[in-house]
Amino acid sequence: MNSNDINKLLNHLHQKHLACSEGSTANYIPELAKANKDHFALSVVTVDGQTFEVGNFEQPFTLQSISKPFVYGLALELRGKEKILSKVGVEPTGEAFNSIIELEKSSHRPYNPMINSGAIAICSLIDGKNIDTRLSKVLSLFERLSGKPLKIDEQVFLSEKSTAHRNRAITHLLANFDIIEEKSERSIEELLDLYFKQCSILVDTRNLAQMAATLANGGVQPLTSERIYSTDFNRDILSLMFTCGMYDTAGDWAYSVGVPAKSGVSGGLIAVVPGKMGIAAYSPLIDHHGHSIRAERAIKEFAKTLSLSIFS
Ligand code: GLU
């Protein structure tokens, strides 16, 4: 397919799925509920750096759970695989993103780093002398991945912090089971702040497509040529996105689309076609699994039309 055909396909999918008004904005984080329901963007970046985009591709929104696979890769680079695997597993849960029940089972280790319990445990492993140093490691990772300076949405951060009873409960359970070293009230709150700030980093679909294209390109950012992840860790990130990135619909996504993906409750979704391209979509209307409905349908159709499944 040539560039013209890709542009045509993206325009067609944008027009078609914009007409869908199913779903609602994430309401458990009040600030996210205010998002403009009409926003819809699609971006594609190929491993040789070509960019295709349509809709509100410069509209900023927060990363939310799309941050999780990337910070997992950072933790692997900083702390090594053995340490990471001793704290967080690699099994899908078949449960929702904020599930708490698996922490009660045998090892008390979160099943995987894509669900909140695993992501908070991974965040705890991003070391540094204080919270600012740790946050700057995370922010700088996303700046290198998207090739530009990024900001944190303070309103979303505060909104999530003030309503985070469930994530707070998860973090206390992780402390109780010695998965994280934070034990005092203050250190637990600091860890949660780090996690909420990671989730509140502002991006647009152009940034996300570059981040996804980095994973498609074996860990090298295709536009800056900077190596972000070793090929081994890049492969580990993609395996986990494939089996766990879409939470309790990961099996359906693997079966019907066949590429690694990750969604976030603000409405972003990325898909990685190894060796070919990164795809990103944004629309804030989500379903009860926490996936953007327009984004999911558009990427599914894009992948099907171009036979992008890794098993094709
Ligand atoms: N910050 C969100 C939370 O922790 C992330 C969830 C998501 O995007 O799926 O609840």
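What you are looking at is a predicted structure, and each value in this text was computed from that prediction instead of being measured.

Let's talk about the pairing of strand β7 (residues 277-282)
Taken across its six residues, β7 has six buried, putting it largely inside the fold. Burial along β7 is two-sided: Met277, Ile279 and Ala281 facing one way and Gly278, Ala280 and Tyr282 facing the other are all buried. The pairing of strand β1 (residues 41-46) with β7 spans six bridges and is antiparallel. Each residue of the ladder has a partner; that of alanine 41, found in β7, is tyrosine 282. Sheet analysis places strand β6 (residues 268-273) next to β7, joined by six bridges and oriented antiparallel. Across the sheet, the residue bridging to valine 273 is methionine 277, located in β7.

Brief notes about the state of the cysteines
Counting across every chain of the model gives zero disulfides. Residue cysteine 244 stays outside any disulfide, its sulfur separated by 17 Å from that of cysteine 199, the closest cysteine. Taking relative accessible area as the criterion, cysteine 244 reaches 3% and is therefore assigned buried.

Notes on unusual backbone geometry
Among all residues save glycine, negative phi is the norm, and among peptide bonds the norm is trans. Positioned with a positive phi, histidine 108 is a non-glycine residue whose angle comes to about 65°. Within the element layout of this structure, histidine 108 appears in the loop between α4 (81-87) and α5 (116-124). On the basis of relative accessibility, which here comes to 22%, the residue histidine 108 falls in the partly exposed class. Positive phi, normally seen in glycine, also occurs at tyrosine 247, with a value near 50°. By the element assignment, tyrosine 247 lies in the loop between α11 (231-244) and α12 (250-256).

About the thresholds
- Residues numbered from 1 in each chain as written.
- Predicted model: local features only at pLDDT ≥ 70, side-chain atom pairs only at ≥ 80, totals over all residues.
- Heavy atoms only, no water.
- Buried < 20%, exposed > 50% of the residue type's maximum accessible area, 1.4 Å probe, protein only.
- Helix = DSSP H or I, 4+ residues; strand = E, 2+ residues; numbered from the N terminus.
- Pairing = 2+ DSSP bridges.
- Disulfide = S-S within 2.5 Å.

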